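For reference, the chains in residue letters:
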Amino acid sequence: MTEKDFILKNTETSNLKNGSFSWQSPSNIALVKYWGKSEPQIPKNTSISFTLNNCHTTTTLKFSKKNKPSKEFSIEVIFEGEKKEGFKPKIVKFFERIEKYVPFITEYDFIIKTKNSFPHSSGIASSASGMSALALCLMNIQKELNPEISDGYFRQKASFLARLGSGSAARSIEGGLVVWGEHKEITESSDLYGVTFPYNVHDNFNNYQDTILLVDKGEKQVSSTIGHNLMHEHPFAKQRFAQANENITQLSKILQNGNLTAFINLVESEALTLHAMMMTSNPYFILMKPNTLKIIEKIWEYRQNNNSNICFTLDAGANVHVLFPEREKEKVNTFIINELIAFCQNNQYICDSVGNGAKQL
Ligand code: DP6
């Protein structure tokens, strides 16, 4: 599929006056990280993530034909029951980027009602799940205008649109393991949208667990977009992008052969490399907190002493994602409650696991 395949053919909207669609879209956690992009939201390297089950955004998109035609977007955002002017600029920017592919968006007044399953400002990024849910609602409108589109095209274009809102959102449509970014060893992979990891995954990774430790719930010091931009002048950028692509090759093998020791090594190295990129950019920044490091040390100690397959990953913040196979669930949860929760803000954590992807409500 190329960019042109996503341009809407039938733009006639006279038969569609109003309506409403709702989707629940998951968050995702990257194993090989996306950090660095070029216009328009093209990743500098391939990334792969687990889709989550319990962390998700629910969005209802209400639309009605404008009284007076205009080229301006008409958008109202209601987040967790309250009108949010602050969310609008990001959505207007998103609409500007996708207008070419869904030109009907200038013809309607929109009310976007959205809420997250995870606590407000928990440091868990809601842009992936949020942009995914909104893109899927917009695809419902396209389907009304072009009823012949297949389910496959519907979801692929939703991922394509979501990517233009937030890169990682491209990976928040499908369930399981999702790859975004063209890679010679991943069939059908694309820079334009996410695809389900196309090979058989070893049973070791069935229902993999992710307990998210909320170390610091404060507002992010540095937005992802600024962080991505800092990769343009970054002294280690070229090496990093090559390394990530090599890690995709390695992880693809690991996911198929079930080698958990190799999985742990690669995933933790990716997390620390992401933060190393932030520490070695200019301006430089540190998003980990002292408690992030204390948790990492505890995880290493527990793994060593208990012959466990527990490991961690990080996103662009201080929170720690604790990853482990389902069969270790009981023991690891006891360890987390007894030894790690103390390092979380207000003892807060979220038990999650790999999920099935977005669903229409
Ligand atoms: C560290 O998708 O939030 O979570 O495309 O600018 O919206 P934008 O960035 P975003 O970046 C996510 C970065 C990351 C790694 C990852 O999810 O792959």
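Residues numbered from 1 in each chain as written. Predicted model: local features only at pLDDT ≥ 70, side-chain atom pairs only at ≥ 80, totals over all residues. Heavy atoms only, no water.

A. Quick look at the packing of aromatic side chains. Using the criterion set out here, one finds 20 aromatic pairs in the structure. Pairing Phe6 with Phe160 gives two aromatic rings, centres 4.2 Å apart and planes at 20°, and the pair type is stacked. Of this pair, Phe6 sits in the segment before strand 1 (18–32) while Phe160 sits in helix 3 (residues 151–165), and the two are 154 residues apart along the sequence. The same class applies to Phe6 as to Phe160, namely buried. Joined through ring pairs, the aromatic side chains of Phe21, Phe63, Phe73, Phe94, Phe95, Tyr108 and Phe110 make up one cluster. Between Arg163 and the ring centre of Phe160, over which it is positioned, the NZ or CZ distance is 5.3 Å. (Phe/Tyr/Trp six-rings, centres within 6.5 Å; stacked < 30°, edge-to-face > 60°. Helix = DSSP H or I, 4+ residues; strand = E, 2+ residues; numbered from the N terminus. Buried < 20%, exposed > 50% of the residue type's maximum accessible area, 1.4 Å probe, protein only. Lys NZ or Arg CZ within 6 Å of the ring centre and 35° of its normal.)

B. Structural detail: the sheet that holds strand 13 (residues 349–353). The four strands are arranged 11-12-10-13 in an open sheet whose pairing can be described as antiparallel. Single-partner strands in this sheet number two, and they are strand 11 (311–313) and strand 13. Strand-to-strand twist of the sheet, defined as the mean angle between neighbouring strand axes without regard to direction, takes the value 25°. Sheet topology places strand 10 (residues 209–213) next to strand 12 (residues 320–324); five bridges connect them, and they run antiparallel. From the neighbouring strand, Leu213 faces strand 12, where its bridge partner is Val320. Relative to the sheet, helix 7 (residues 290–306) contacts strand 10, strand 11 and strand 12, its axis offset from that of strand 11 by approximately 155°. (Pairing = 2+ DSSP bridges. Axes fitted to C-alpha atoms, helices over the stretch in contact; angles between N-to-C directions. Contact = heavy atoms within 4.5 Å.)

C. Spotlight on the domain arrangement of the protein chain. Domain annotation for the protein chain reports domain 1 (3–199) and domain 2 (206–353). Centre-to-centre separation of domain 1 and domain 2, based on C-alpha positions: 26 Å. The largest per-residue losses of area from domain 1 upon contact with domain 2 belong to Leu31, Lys33 and Trp35, which jointly make up 25% of the total buried on that side. In this structure, the connection of domain 1 to domain 2 is made through zero salt bridges. At the boundary of domain 1 with domain 2, the tally comes to 13 residue pairs in polar contact (both at pLDDT 80 or more). Those elements giving two or more residues to the side of domain 1 that touches domain 2 turn out to be strand 1 and strand 4 (47–65). If you tally residues by element for the side of domain 1 that touches domain 2, the top one is strand 4, at eight residues. (Domains from an automatic or database assignment. Buried area = accessible area lost by both parts, 1.4 Å probe. Salt bridge = Lys/Arg side-chain N within 4 Å of Asp/Glu carboxyl O. Polar contact = N/O pair within 3.5 Å; in protein donor to acceptor, adjacent residues only side chain to side chain.)

D. Seen up close, helix 3. The end-to-end C-alpha distance of helix 3, which contains 15 residues, comes to 21 Å, matching closely the 21 Å that a straight helix rising 1.5 Å per residue would cover. Most of helix 3 sits out of view: 11 of its 15 residues are buried. Among the residues making up helix 3, those that are buried are Tyr153, Phe154, Lys157, Ala158, Ser159, Phe160, Leu161, Ala162, Arg163, Leu164 and Gly165. As for helix 3, its buried residues are in contact with strand 1, strand 3 (42–43), helix 1 (88–98), helix 2 (127–145), strand 8 (177–180) and strand 9 (194–196). (Expected span 1.5 Å × (residues − 1).)

E. Structural detail: the site of the ligand. What surrounds the ligand is a group of 16 residues, the closest being Tyr34, Lys37, Ser166, Gly167 and Ser168. Measuring from an oxygen atom of the ligand, one finds a side-chain N or O atom of Tyr34 at 2.6 Å. Backbone polar atom of Gly167 to an oxygen atom of the ligand: 2.7 Å apart, as the coordinates give it. Across the complex, the protein chains shield 93% of the 460 Å² of accessible surface that the ligand would expose by itself. Per-element accounting of the shell around the ligand gives the leading share, three residues, to helix 4 (residues 224–229). Each residue belonging to the shell around the ligand can be placed in one class, and the counts come to five nonpolar, eight polar and three charged. Both domain 1 (3–199) and domain 2 (206–353) contribute no fewer than three residues apiece to the shell around the ligand. (Near = heavy atom within 4 Å. Areas by Shrake-Rupley, 256 points an atom, 1.4 Å probe, with all protein chains shown as cover. Nonpolar A, V, L, I, M, F, W, Y, C, P; charged D, E, K, R; others polar.)

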